[in-house]
Structure formats: structure tokens, C-alpha cells
Amino acid sequence: MKRLLLALLLPIVGTITAAPAPPYNSGFAQVKAHRATAVYLCANGKSVVYHSSRTCAAMRRCSHTVRVVSVSEATATGHRKCMKCY
Ligand SMILES: [Zn+2]
């Protein structure tokens, strides 16, 4: 009786573990990559550079509000890449 039960259960367990990975995995990776293009600005009104990292040496000198924007927004407002963190 016990052996019969195992014979019935095994094929079910087999189909569960053989299930393919969810297809939305690759899409999620793209969203993460897009978010990684966020840059940091020091909102002191005279800074002309944007930073890839909030912990950049130049960024840490900023005593004003730190703004997080996209690269396209930073360049559209006249900012260029920081020489230290890019
Ligand atoms: Zn920097």
C-alpha cells in the first residue's frame, strides 16, 4: 500500500520541480538597469555636474539638498558628468 502511494505521488512532485523559470525574470532585470541611470545633483543653484554615486567625494561636500534625477533630466538642465565618479 505504501509503495502504491509513492508511485502516485512521485510523478506529481516531478512536474512541479521541472516547471520552467517565470518568463518575467528578464523584464525585471531591465527595470533594475533603467533605475541604475539615476544620478545625483547638489541643489545649491550653482553646481553644474551630476554624480553617479551619492558617496562621491564632491557630492559629500554638498551641504544643500541632494536631488536624485535621471541622466536625461540632468543633461537637460545643463549638467555634465562629474570627473571623479565617471
Ligand atoms: Zn562625482
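All values reported here derive from a predicted model rather than from experimental measurement.

Calculation criteria
Counting restarts for each chain: residues are numbered from 1 in the order of the written sequence. Residues qualify for local features only when their pLDDT is at least 70, as the model is predicted, and side-chain atom pairs are given and counted only at 80 or more; totals for whole chains, interfaces and linings, by contrast, use all residues. Secondary structure counts use DSSP, requiring at least four H or I residues in a row for a helix and at least two E residues in a row for a strand, with both numbered from the N terminus. Exposure classification rests on a simple neighbour count of other C-beta atoms within 10 Å of a residue's own: a residue reaching 20 or more is buried, one at 12 or fewer is exposed, and one in between is partly exposed. C-beta atoms are placed from the backbone. What counts as a contact here is a pair of residues whose C-beta atoms, placed from the backbone, lie within 7 Å. pLDDT expresses, on a scale from 0 to 100, how confident the predictor is about each individual residue. In these notes, a nonpolar core means any group of buried Ala, Val, Leu, Ile, Met, Phe, Trp, Tyr and Cys residues linked to one another through C-beta atoms within 7 Å.

Here we take up the overall build of the chain. In terms of helices and strands, the chain carries 4 helices and 4 strands. Along the chain, helices (α) and strands (β) appear in the sequence α-α-β-β-α-β-α-β when read from the amino end. In the chain, which comprises 86 residues, the share counted as buried stands at 12%. When contacts within the chain are restricted to residue pairs at least 6 apart in sequence, those whose partners lie at least 24 apart make up 66%.

Considering every residue of the chain, the mean pLDDT works out to 80; 62% of them sit at 70 or more. Between the elements of the chain, mean pLDDT differs from a low of 53, seen in helix H2 (residues 25-35), to a high of 97, seen in strand E4 (residues 80-81).

Looking now at the nonpolar core. Counting 9 residues, the largest nonpolar core is built from Val39, Tyr40, Leu41, Cys42, Val49, Tyr50, Met59, Ala74 and Cys82. Elements that contribute at least two residues to this core include exactly strand E1 (38-42) and strand E2 (49-50). Among the elements that make up this core, the one with the highest residue count is E1 (4 residues).

Attention now moves to the environment of tyrosine 50. Relative to the helices and strands, tyrosine 50 is located in strand E2. In this structure tyrosine 50 comes out as buried when scored by C-beta crowding, with 26 C-beta atoms within 10 Å. Distance in space between the C-alpha atoms of tyrosine 50 and histidine 79 is 6.1 Å, their sequence separation being 29 residues. Beyond its immediate stretch of four places on either side in the chain, tyrosine 50 contacts Val39, Tyr40, Leu41, Ala74, His79, Lys81 and Cys82.

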